[in-house]
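Below are the chains, spelled out letter by letter.
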Amino acid sequence: MKSKNSRKFVRLSLTYLVIGIMFAIIIYPVLWIIGSSFNPGDSLSGSKMIPDNATLNHYKELFDLENSDYLLWYYNSIKISVMTMILTVISVSFTAYAFSRYRFVGRKNGLMTFLILQMIPNFSALIAIYVLATRTGLLDTHLGLVLLYVGGQIPMNTWLMKGYLDTIPRDLDESAKMDGAGHLRIFFQIVMPLAKPIISVVALFSFVAPFGDFILAKILISSSEKYTLAVGLYSMVGKQFGAEFTKFAAGSVLIAIPIALLFLLLQKYFVSGLTAGGTKG
């Protein structure tokens, strides 16, 4: 009996140890970036996690409209992310519904193509993307960036949503058809309301990805007034002289606000999605 209790205690201790280590790995850089944002001066070399003379000057400088474009970059990122989220949810919903509910020629090959596309990162096609954007007149435009983000989000999220839609009983569709409902009515009034949890997940993923993207935005956007947050913040530390590392830290801290708000707004759907996934067969 004592041996069983000791093994249980060891397993529990190891579990908490692993959780503690992972938590420390995650929280340590976050605390450093927050602490650095309150440090006076521009250099990170003398920064401390808990600064001796904490200051809010870096945050004030970010909101100084005359000397900083931070709010403009923030607006650009929010606009691009919201547009990407809306278009991704719409396109993925229709695509996943078609793959889940219909049987058509090329269905399996289409799903396999999506699976293969997930394995190819966007930056591996940067030259092709740049040439395509140049020839279509979408270079240095937010619309071109949004279309690229939406196209990149479709394969993975289609697989994700299709798997969830497959768990919604087809009997509901058949019952609605017997009552005279058409395909669009079944889609909008029956299937989509039941798919709110997965729609929330897709919405969050498609918002977060462009909000923090740097590579595509850096390649396609060249005008400073069209910069996203990632590109704009990089310009603060990418200077040859006078890099503003502490202001960069302050700007990085504020990036988490819309993501956290969106997560809190959609949290109830995540929870219901987890519980529904455990009861559906």
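Up top you'll find the structure we're talking about.
Residues numbered from 1 in each chain as written. Predicted model: local features only at pLDDT ≥ 70, side-chain atom pairs only at ≥ 80, totals over all residues. Heavy atoms only, no water.

A. Representation of the pattern of salt bridges in the model. Counted under the stated rule, the structure contains 3 salt bridges. The partner of D166 in a salt bridge is K162, with the nearest N and O atoms 2.7 Å apart. The exposure class of D166 is partly exposed, given its relative accessible area of 35%. We classify K162 as buried; its relative accessible area is 10%. (Salt bridge = Lys/Arg side-chain N within 4 Å of Asp/Glu carboxyl O. Buried < 20%, exposed > 50% of the residue type's maximum accessible area, 1.4 Å probe, protein only.)

B. Layout of the nonpolar core. In terms of nonpolar packing, the biggest core is built from 56 residues, with Y70, L145, M161, L165 and A195 touching the most fellow members. Top contributing element to this core by residue count: helix 3 (residues 70-101), with 10 residues. (Core = buried A, V, L, I, M, F, W, Y, C linked by side-chain atoms within 4.5 Å. Helix = DSSP H or I, 4+ residues; strand = E, 2+ residues; numbered from the N terminus.)

C. Helix 8 (residues 183-194), seen in detail. Its 12 residues place the ends of helix 8 16 Å apart at the C-alpha level, agreeing with the 16 Å of an ideal helix rising 1.5 Å per residue. Packing partners of the buried residues in helix 8 comprise helix 3, helix 6 (142-165), helix 7 (171-178) and helix 9 (196-211). (Expected span 1.5 Å × (residues − 1). Contact = heavy atoms within 4.5 Å.)

D. Broad picture of the packing of aromatic side chains. Evaluation of the coordinates by the stated rule reveals 14 aromatic pairs. With 6.5 Å between their ring centres and 70° between their planes, F63 and Y70 make a pair best called edge-to-face. Its relative accessible area of 1% is what places Y70 among the buried residues. An angle of 65° between the planes, with centres 5.7 Å apart, marks the rings of Y70 and Y74 as edge-to-face. In this pair, Y70 and Y74 are both assigned in helix 3, 4 residues apart and thus about one turn of the helix distant. (Phe/Tyr/Trp six-rings, centres within 6.5 Å; stacked < 30°, edge-to-face > 60°.)

E. Region of interest: the environment of I50. For I50, the location among the structural elements is in the loop between helix 1 (2-37) and helix 2 (57-62). Given the relative accessible area of 70%, I50 is considered exposed. Along the sequence, I50 and A260 sit 210 residues apart, while their C-alpha atoms lie 24 Å from each other.

F. Fine view of the packing of helix 3 against helix 6. The interhelical angle for the contact between helix 3 and helix 6, taken along N-to-C directions, is 40°, at an axis separation of 7 Å. What the angle tells us is that helix 3 and helix 6 run oblique. Here the hand of the crossing between helix 3 and helix 6 comes out right-handed. Here the contact of helix 3 with helix 6 is composed, by residue class, of 14 nonpolar, 11 polar and 3 charged. (Axes fitted to C-alpha atoms, helices over the stretch in contact; angles between N-to-C directions. Parallel < 35°, antiparallel > 145°, perpendicular 65-115°, else oblique. Left-handed = near helix turned anticlockwise from the far one by under 90°. Nonpolar A, V, L, I, M, F, W, Y, C, P; charged D, E, K, R; others polar.)

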